[in-house]
Amino acid sequence: MVQKSNESAAQAIVDGLGGPSNIKFMTCCATRLRFELHDGSLPDKEKLDAISQVMGSVPQSGDRYQVIIGGAVLSVFNEIKALPSMKGATGEEDSKGGESASQSNDDLKASIRNSGVRGKVAWVDSFFEYLSDSFRPILGVLLGASLIIALRAALSSLNIVAFDDPSAGWVLVNSMWHTVFYFLPIMIAYNASKKLSVDPWVGAAIMGALMTPEFASLKNLASTVVTKNPVLGTDSYVANIFGHQMIWYDYSGSVFVPLIMVAVLALVWRGLKKIFPENVHMVFVPFLSLVIMIPLTAFFLGPLGVTAGTKLGIGLAWMNTHAPFLFAIIIPMLYPFLVPLGLHWPLNALMLLNIQTLGYDFIQGPMGVWNFACFGATAGVLFLSWREKDSLMRQTSVGALAAGLFGGISEPSLYGIHLRFKKVYSRMLPGCFIGGVVIAVLGSLTKHTVMHNGAAVVASGVTTKAFAFTSLLTIPVFSPMWIYAVSILVAFLVPFFLIVFLDYRTDEEKAEAKARVQSQS
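Residues numbered from 1 in each chain as written. Predicted model: local features only at pLDDT ≥ 70, side-chain atom pairs only at ≥ 80, totals over all residues. Heavy atoms only, no water.

Peer 1: Any chance you could explain the nonpolar core here in plain terms?
Peer 2: Core analysis: the biggest nonpolar cluster contains 114 residues, and Phe135, Leu142, Phe181, Val255, Ile363 and Trp370 have the highest contact counts within it. Filtering out sequence-adjacent residues up to four positions away, Val255 remains in contact with Phe135, Leu184, Ile188, Ala349, Leu352, Leu353 and Gln356. Counting residues in each nonpolar core, the second largest holds 23 residues, with Ala10, Ile13, Tyr65 and Ile69 among its members. (Core = buried A, V, L, I, M, F, W, Y, C linked by side-chain atoms within 4.5 Å. Buried < 20%, exposed > 50% of the residue type's maximum accessible area, 1.4 Å probe, protein only. Contact = heavy atoms within 4.5 Å.)

Given below as structure tokens:
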């Protein structure tokens, strides 16, 4: 079934899902449209997959459905919301400011969790959903920042200009990516607050208070006690606040602190809303939330988050140093199963945490092995679809491969191709394993020095000093670069050739594809 030329992709998607009346609510992430439907049996998968802008569609349990779009997902999302037939169909407020008769998105998600459809342990589902929704909206700026870092790293590796060049022009260029990671705690606090139905500007303001010049100046006061760590060579600060000791930290780039803070803020926020009459909520609830949470975070939650994160990062670094083979193989073998379930977000948070606490990260290198094994499988599908003149799979694989190789985004490949065909994983996992072995073997032969807070730290394996989406453009970010390049090349080629020579489809799937090609010709 082919999409009509005068029919917009937005309307075609809505029709393919069973019409606007079948859609309870919709959200989107970096590449996918997510729908909660009234009746999960109504969507026409064949019709959805035939839409030119759609890379694939994935039915899920509990009347949920995902449509993979790729980089244009936000535009399609907004076009669907703008359709006249969708007005009031997704739990949004009506034009008069009143509440829609349907449930809100958060209420619907809560009812899904409570029904036991999403998983046997509701709080585990909630925890990972909290992590995901705190990071998802900022994936775009993280990707943009990682590409700027990659450009700077490439110039540095070619000895054109040093990465830390102090001249004014390059200081300005560095600020283009540093802004994202410096103010990351505020962004995470904003998103996490929205997720927990708290005024997001209050959450952002609380983290912002710990990043102001006034807060930063506390470490330089005469009353602040400075202690030097004899092992790491770093300084720790204890400020005197009204006669009470407060451990001072630089919270720029922090990940765990805003997540912990907002979780506590949500309890405080709901408690205050119960105490005060509704007509004074706007005045007293934000005011008292700031008064309570800023000192609580500065004295207790902030140091708790930093300490817990540091210990966790050091523990993983110990494993990477003492069991590098195991670590380098486990990471790429786990990711193909973590990403479809959304369970990869804690590891992504740890990458940012490692950079903040250790000065480098060692997870992204092995993770890149998984990504390129994923892209290699997609390239194999593209090769076969081109040879067989299968325009549908060629279109899907071209978009997915471009998003992967140049953006480091695996979801279009994963949801548009890999989860649709039974044999793809059996072709892709050998690439993950062999690529992991290569990065483990070569990485164990080298040791290199990473500077952090003025101290030299000896690191093993493949490391990076910046958070980067693992694509072709970000190869210069990794060190040693040649080890990383060899490992991802091997990971890419293994599934590519396995699919080219052994195919990725069952006999039934090949017959279906052949019939589709004949009908198109």
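Let's pick the thread back up.
Peer 1: What exactly am I supposed to notice about the packing of helix α7 (residues 168-182) against helix α8 (residues 184-195) here?
Peer 2: Packed helix pairs are specified by the crossing angle of their axes together with the interaxial distance, meaning the distance between the axes. The interhelical angle for the contact between α7 and α8, taken along N-to-C directions, is 45°, at an axis separation of 5 Å. When the axis of α7 is compared with that of α8, the two are oblique. Counted together, Thr179, Val180, Phe181 and Tyr182 of α7 and Leu184, Pro185 and Met187 of α8 form the full contact between these two elements. Its residues assigned to classes, the contact of α7 with α8 shows six nonpolar, one polar and no charged. (Axes fitted to C-alpha atoms, helices over the stretch in contact; angles between N-to-C directions. Helix = DSSP H or I, 4+ residues; strand = E, 2+ residues; numbered from the N terminus. Parallel < 35°, antiparallel > 145°, perpendicular 65-115°, else oblique. Nonpolar A, V, L, I, M, F, W, Y, C, P; charged D, E, K, R; others polar.)

Peer 1: What is the right way to look at the packing of aromatic side chains in this model?
Peer 2: Aromatic ring pairs are defined here through the distance separating the ring centres and the angle between the ring planes. As enumerated under the stated definition, the model contains 20 aromatic pairs in all. Three or more aromatic residues joined by ring pairs make a cluster, and in this case those are Phe215, Tyr237, Trp248, Tyr249 and Tyr251. Between the NZ or CZ atom of Arg394 and the centre of the ring of Trp386, over which it lies, the distance is 5.3 Å. (Phe/Tyr/Trp six-rings, centres within 6.5 Å; stacked < 30°, edge-to-face > 60°. Lys NZ or Arg CZ within 6 Å of the ring centre and 35° of its normal.)

Peer 1: Just checking my understanding: could you explain empty space enclosed by the protein for this structure?
Peer 2: It is the rolling of a water-molecule-sized probe over the atoms that shows where space remains empty. The final tally for this structure, using the stated rule, is one cavity of 30 Å³ or more. Of the volumes computed, that of the largest cavity is approximately 90 Å³. Looking at the largest cavity, the residues that line it are Asn320, Pro324, Phe327, Ala328, Phe362, Pro366, Ile439, Ala440, Gly443, Ser444, Gly461 and Val462. The biggest single contributor to the lining of the largest cavity is helix α18 (residues 424-444), with four residues. (1 Å grid on protein atoms, 1.4 Å probe; cavity = no way out; pocket = protein on both sides within 12 Å on 5 of 7 lines; lining within 4 Å. Points joined across faces, edges and corners; volume = space filled by probe spheres on them.)

Peer 1: Teacher, can you tell me more about unusual backbone geometry here?
Peer 2: Most peptide bonds take the trans configuration, and most residues that are not glycine carry a negative phi. Put simply, Ser479 and Pro480 share a cis peptide bond, and its omega is -5°. Along the chain, Pro480 falls in the loop between β11 (478-479) and α19 (481-502). Phi angles above zero are rare outside glycine, and Ser197 is one such case at about 60°. On the secondary structure map, Ser197 appears in the loop between α8 and α9 (200-209). Positive phi values are uncommon outside glycine, yet Phe242 reaches one of about 50°. Looking at the element boundaries, Phe242 is found in the loop between β6 (235-241) and β7 (244-248).

Peer 1: Just checking my understanding: could you explain the UniProt feature "active site" (unreviewed entry) in the protein chain for this structure?
Peer 2: The residues that UniProt annotates with the feature "active site" (unreviewed entry) are Cys29. By the element assignment, Cys29 lies in the loop between β1 (23-28) and β2 (32-37). (UniProt positions renumbered as here; feature names shortened; annotations may be inferred.)

Peer 1: Explain the pattern of salt bridges to me, please; I cannot follow it from the model alone.
Peer 2: Side chains carrying opposite charge are able to pair once their charged atoms draw close together. For the structure on display, the rule yields four salt bridges. For Arg505, the salt bridge goes to Asp503, with nearest N and O atoms at 2.9 Å. Each member of the pair, Arg505 as well as Asp503, carries the same accessibility label: buried. (Salt bridge = Lys/Arg side-chain N within 4 Å of Asp/Glu carboxyl O.)

Peer 1: Would you mind showing me how to read the sheet that holds strand β3 (residues 56-60) here?
Peer 2: In sheet architecture, strand pairing relies on hydrogen bonds along the backbone and comes in two forms, parallel and antiparallel. In spatial order, the strands read β1-β2-β4-β3; together these four strands make up an open sheet with antiparallel pairing. Taken across any chain shown, the strands that pair with only one partner, and hence form the sheet edges, are β1 and β3. Strand after strand, the sheet turns through a mean of 20° between neighbouring axes, direction not considered. Bridging between β1 and β2 involves five bridges; their strand directions are antiparallel. For Ile23, the partnering residue across the bridge sits in β2 and is Leu37. In the packing of helix α3 (residues 73-82) onto the sheet, the strands contacted are β1 and β2, and the crossing angle to β1 comes to about 150°. (Pairing = 2+ DSSP bridges.)

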